[in-house]
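# An overview of the molecular structure
Now for the letters of each chain:
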Amino acid sequence: MHKFFCNFNTLTQRYELSQNRSAIGGIFSSRVGTQAENNLLNEIKALLQELYKNIVIIKEKEENEERLNLLEETELLISNLYYSLFASPLDLPEKQEVSAGNELAKAIEVAKKLQKSINIPEYNRLCVIIGNNLSSLL
């Protein structure tokens, strides 16, 4: 697993994942940074898992070969991103009988959240490609 740090971006007023540790002064900075990092990593892990689940549901419904190829490429990108960040494979989603029908919109929203949370160029680029692939399916 790579070493990542959680930094507070003053421009966006959000914590984001980064490769560089920024020096934030203060008595509680290390505790706050560690807690934010734990929360952020868990959030990113959950978002990637949710995105993967949505892609699997969309793939089950899809019949167009070109769209299926794009979904498979997107699924592979999600899997690679997850493995790069956490050095473990994604959990396979359980077989679901009922789906809401708006998984594509949910997946695009999750991809946008991931773009906001990850400030590492290589990984953020993957998030952008995933988001673009999903947007092209609309």
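All values reported here derive from a predicted model rather than from experimental measurement.

### Observations concerning the pattern of salt bridges
Oppositely charged side chains may form a pair once their charged atoms are brought near each other. For the structure on display, the rule yields 3 salt bridges. Across the pair K59 and E75 runs a salt bridge, and its minimum N-O distance is 2.6 Å. In this pair, K59 is assigned in helix 1 (residues 29-61) and E75 in helix 2 (residues 65-86), connecting sequence segments 16 residues apart. The exposure class assigned to E75 is buried, which follows from its relative accessible area of 15%. Here E103 ties to K61 by a salt bridge, and the two come within 3.1 Å at their closest N and O atoms. With E103 in helix 3 (residues 103-117) and K61 in helix 1, the pair connects residues that are 42 residues apart, well separated along the chain. The class of E103 is buried, set by a relative accessible area of 4%.

### Some details on the nonpolar core
Among the nonpolar cores identified, the biggest contains 34 residues, and I44, L48, L85, L114 and L134 are the most heavily contacted of them. Of all the elements in the fold, those that place two or more residues in this core are helix 1, helix 2, helix 3 and helix 4 (121-136). Other than its neighbours up to four places away in sequence, L114 contacts I44, L47, L48, L51 and C127.

### Looking at the packing of aromatic side chains
This structure, assessed with the given rule, holds 1 aromatic pair. Where Y82 meets F86, the ring centres are 5.1 Å apart and the plane angle is 50°; that geometry is what we call tilted. Here Y82 pairs with F86, and both are found in helix 2, just 4 residues apart, close to one helical turn. What makes Y82 buried here is its relative accessible area of 4%. A cation sits over an aromatic face here: K45 above F86, 4.9 Å from the ring centre.

### A closer look at the packing of helix 3 against helix 4
If you want to describe how two helices pack, look at the angle between their axes and the distance between the axes. Taken N-terminus to C-terminus, the directions of helix 3 and helix 4 make an angle of 160°; their axes are 9 Å apart at the nearest point. Here helix 3 lies roughly antiparallel to helix 4, going by the angle between them. Crossing of helix 3 over helix 4 shows left-handed handedness. Of the residues in helix 4, those touching helix 3 at L104, A107, I108, A111, L114 and Q115 are N124, C127, V128, I130, G131, L134 and S135. In terms of residue class, the contact of helix 3 with helix 4 is built from 9 nonpolar, 4 polar and no charged.

Thresholds, definitions, all that
Residues numbered from 1 in each chain as written. Predicted model: local features only at pLDDT ≥ 70, side-chain atom pairs only at ≥ 80, totals over all residues. Heavy atoms only, no water. Salt bridge = Lys/Arg side-chain N within 4 Å of Asp/Glu carboxyl O. Helix = DSSP H or I, 4+ residues; strand = E, 2+ residues; numbered from the N terminus. Buried < 20%, exposed > 50% of the residue type's maximum accessible area, 1.4 Å probe, protein only. Core = buried A, V, L, I, M, F, W, Y, C linked by side-chain atoms within 4.5 Å. Contact = heavy atoms within 4.5 Å. Phe/Tyr/Trp six-rings, centres within 6.5 Å; stacked < 30°, edge-to-face > 60°. Lys NZ or Arg CZ within 6 Å of the ring centre and 35° of its normal. Axes fitted to C-alpha atoms, helices over the stretch in contact; angles between N-to-C directions. Parallel < 35°, antiparallel > 145°, perpendicular 65-115°, else oblique. Left-handed = near helix turned anticlockwise from the far one by under 90°. Nonpolar A, V, L, I, M, F, W, Y, C, P; charged D, E, K, R; others polar.

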